[in-house]
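Secondary and tertiary structure notes
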Amino acid sequence: MVNWACAALGKDAQASMTPRTGIIVHQAVATPVSSAIVRLRFTEQCEADISKSSQANGHRSKGLNYKDAGVDIDAGNALVDAIKPLAKSTARPGADSALGGFGGLFDLKACGYNDPLLVACNDGVGTKVLIAIEEGQHDTIGIDLVAMCVNDLVVQGAEPLFFLDYFATGKLLVDGATAVVSGIAQGCREAGCALIGGETAEMPGLYGKNDYDLAGFSLGAVERDGVLPKNITAGDIVIGLPSSGFHSNGYSLVRKVVQMNGLKYRDPAPFDPEITLANALLTPTRIYVKSCLSLVKAGLAHGFAHITGGGFLENIPRVLPDGLSVSLDANAIPLPPMMSWIAKAGGLSAVEMARTFNCGIGMIIIVNPDDADAATDLLREHGESPCQIGQVFESSGEPSVAINDLDEVWALP
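Residues numbered from 1 in each chain as written. Predicted model: local features only at pLDDT ≥ 70, side-chain atom pairs only at ≥ 80, totals over all residues. Heavy atoms only, no water.

Moving on, we get to the overall build of the chain. If you tally the helices and strands in the chain, you get 13 helices and 13 strands. Expressed as a percentage of the 413 residues in the chain, the buried residues total 53%. Pairs at least 24 residues apart make up 80% of the contacts formed inside the chain by residues separated by at least 6 positions. When the accessible area of the chain is evaluated, it comes to approximately 17,800 Å², of which 51% is carbon and sulfur surface. (Helix = DSSP H or I, 4+ residues; strand = E, 2+ residues; numbered from the N terminus. Buried < 20%, exposed > 50% of the residue type's maximum accessible area, 1.4 Å probe, protein only. Contact = heavy atoms within 4.5 Å. Areas by Shrake-Rupley, 256 points an atom, 1.4 Å probe, with all protein chains shown as cover.)

Structural data, given as structure tokens:
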């Protein structure tokens, strides 16, 4: 998180924002939290202003304060203090994740790049956050936030360098917000990037008391001659890396199916009675950065495709050059139990599943057939369970994806 301090007091348009640079909370109107001294001066100035305006005719009036409007500066300060060690735990070369400035600094030279290009991504977690809110389970949704950004970065061969978040809520509840940021820090550690800044916005009236939403921003770097995709040709092998669940896509449809079937999130999962439905659906998005970067550094990857909203049918063509398409074998992509249940409980067709969800494959890797075994071995060394699921072929028109035997294998309506 980054530690911003508000620049001007009294502007209603900014009155509920709480910027964090290096991790600071800014409450709508310039709320500096960079250091104890700044906070003290801020408090003294506020008290002086109140004193001047409220002691008319020798007595104090009952004037409003910011907390009366629903914004708690003290809670913001408490959150900053709780977040500091979390940010520090993500330090990496180029960033020390120190908090307190107006912006987060990063030394690109310290990373050892010679001719780098910067790659930037931002994303959110969609309506998956509503399940976390309803069940009061906030410790993993931050991992999702990081994953959705850094998995996009690595697709272009880039190493994630740093991350910033935006946390907006109706009422800042320090414990819950700290749990969210704890997940963000964990995701950053898994991705090898530093959490160098962010912002907390407490906005009563726009969000309900217990509601919040998240956005994440990440920046990475790649050597100019290493940008992916490149050199994809007919005959290349398509390797799939398993997902951990729905990741952070399609939850409006997931929630609709759950509601249609009269289930509660605390009920046993219909596809796995050993866990609750909430725990299954809140399984965090896998972060593929380190395993994919190992292929990049070994020169084994021609391209990646992060399978998010749009599934196989819309994400894979994004990395293919004109004149090439991909053929997938449904026999190599069995639907995980939770996705099979969603499909059947919601009456979803196989095509609808393939264009909405990841269907058990969170990352696609395209490699030369001569390198397929070496790539598979390297991925296994990094804890993945890769499988060959298809091949690139020559085609006419725009790139597309064909999934062979889809209806027969998935056996959906």
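Turning to the nonpolar core, a few remarks are in order. One finds Phe312, Ile316, Leu328, Met353 and Trp410 to be the most contacted residues of the largest nonpolar core, which totals 101 residues. At nine residues, helix H4 (residues 141–155) tops the list of elements feeding residues into this core. The residues touching Leu328, leaving out its near neighbours within four places in the chain, are Val238, Phe312, Ile316, Ile333, Ile389, Gly390, Val401, Ala402, Ile403 and Asn404. Judged by nonpolar contacts, the second largest core, of eleven residues, contains Ala95, Leu161, Leu219 and Ala221. (Core = buried A, V, L, I, M, F, W, Y, C linked by side-chain atoms within 4.5 Å.)

Summarising the element assignment, Thr356 is placed in the loop between helix H11 (350–354) and strand E11 (361–367). A distance of 2.7 Å separates a polar side-chain atom of Thr356 from the backbone oxygen of Glu352. Leaving out residues up to four positions away in the same chain, Thr356 has contacts with Leu253, Thr308, Gly309, Gly310 and Gly311. (Polar contact = N/O pair within 3.5 Å; in protein donor to acceptor, adjacent residues only side chain to side chain.)

Any aromatic ring pair is given by two values, namely how distant the centres are and how the planes are angled relative to each other. The full count for this structure, using the stated rule, is five aromatic pairs. Ring centres 5.2 Å apart and planes at 20° place the aromatic pair Phe167 and Tyr212 in the stacked group. Pair noted here: Phe167 is in strand E3 (residues 159–169) and Tyr212 is in strand E5 (residues 212–223), with a separation of 45 residues, a long-range link. Across the pair, Tyr212 and Phe167 agree in class, each one buried. (Phe/Tyr/Trp six-rings, centres within 6.5 Å; stacked < 30°, edge-to-face > 60°.)

Each strand in a sheet pairs with another by means of backbone hydrogen bonds, the pair being arranged parallel or else antiparallel. Here we have six strands laid out as an open sheet, ordered E9-E11-E6-E12-E10-E13, and mixed in their pairing. Only two strands of the sheet have a single neighbouring strand rather than two, namely strand E9 (303–306) and strand E13 (401–404). On average, each strand axis in the sheet is inclined to that of its neighbour by 25°, with strand direction left out of account. Note that strand E6 (residues 237–242) and strand E12 (residues 387–394) share four bridges and pair antiparallel. Across the sheet, Val238 pairs through a bridge with Gly390, a residue of E12. Each of E6, E9 and E11 is contacted by helix H8 (residues 289–298), which is oriented at about 165° to E9, the strand it contacts most. Contacts between helix H12 (residues 372–381) and the sheet are confined to E6, E11 and E12, with E6 contributing the most and set at about 10° to the helix. (Pairing = 2+ DSSP bridges. Axes fitted to C-alpha atoms, helices over the stretch in contact; angles between N-to-C directions.)

Right, let's get into the layout of surface pockets. One number sums up the size of the second largest pocket: a volume of about 320 Å³. If you trace the second largest pocket, you find 19 residues lining it, with Gly157, Val222, Gly226, Val296 and Lys297 closest to the centre. Mapped by element, the contributors of at least two residues to the lining of the second largest pocket are E5 and H8. (1 Å grid on protein atoms, 1.4 Å probe; cavity = no way out; pocket = protein on both sides within 12 Å on 5 of 7 lines; lining within 4 Å. Points joined across faces, edges and corners; volume = space filled by probe spheres on them.)

Tracing the sequence through the fold places Gln186 in helix H5 (residues 174–191). Separated by 43 residues in sequence, Gln186 and Ile143 have C-alpha atoms that sit 6.5 Å apart.

If you check which residues of helix H6 (residues 251–260) are buried, you get Tyr251, Val254, Val257 and Val258. Projected down its long axis, H6 shows its buried positions confined to an angular sector of 120°, all on one face. Those residues of H6 that are exposed and aimed more than 90 degrees away from the buried face are Gln259 and Met260. In this fold, the buried residues of H6 make contact with helix H3 (128–135), helix H7 (277–281) and helix H10 (337–346). Among the residues trailing H6, Gly262 stands out with phi positive, at a value near 65°. (Arc of directions from axis to C-beta.)

Next up on the list: the pattern of salt bridges. Inspection of every chain in the model, using the stated rule, returns nine salt bridges. Here Asp81 makes a salt bridge to Lys84, at a shortest N to O gap of 3.9 Å. Within this pair, Asp81 and its partner Lys84 are both found in helix H2 (residues 73–88), separated by three residues, close to a single helical turn. By relative accessible area, which is 31% here, Lys84 ends up partly exposed. (Salt bridge = Lys/Arg side-chain N within 4 Å of Asp/Glu carboxyl O.)

What follows is about unusual backbone geometry. Each neighbour pair has its own omega, and for Leu228 with Pro229 the value is 5°, a cis peptide bond. Of note in the backbone geometry, His247 takes a positive phi value of approximately 60° without being a glycine. Summarising the element assignment, His247 is placed in the loop between E6 and H6. The backbone of Cys359 sits at a positive phi, close to 55°, despite the residue not being glycine. Here Cys359 lies in the loop between H11 and E11. Residue Cys359 is classed as buried on the basis of its relative accessible area, which comes to 0%.

Examined against the element boundaries, Ser325 turns out to sit in strand E10 (residues 324–329). Among the polar contacts made by the side chain of Ser325, one reaches the side chain of Ser395 at a distance of 2.7 Å. In this view, Ser325 contacts Leu320, Gln391, Val392, Phe393, Ser395, Glu398, Pro399 and Ser400; residues no more than four positions away in its chain are not counted.

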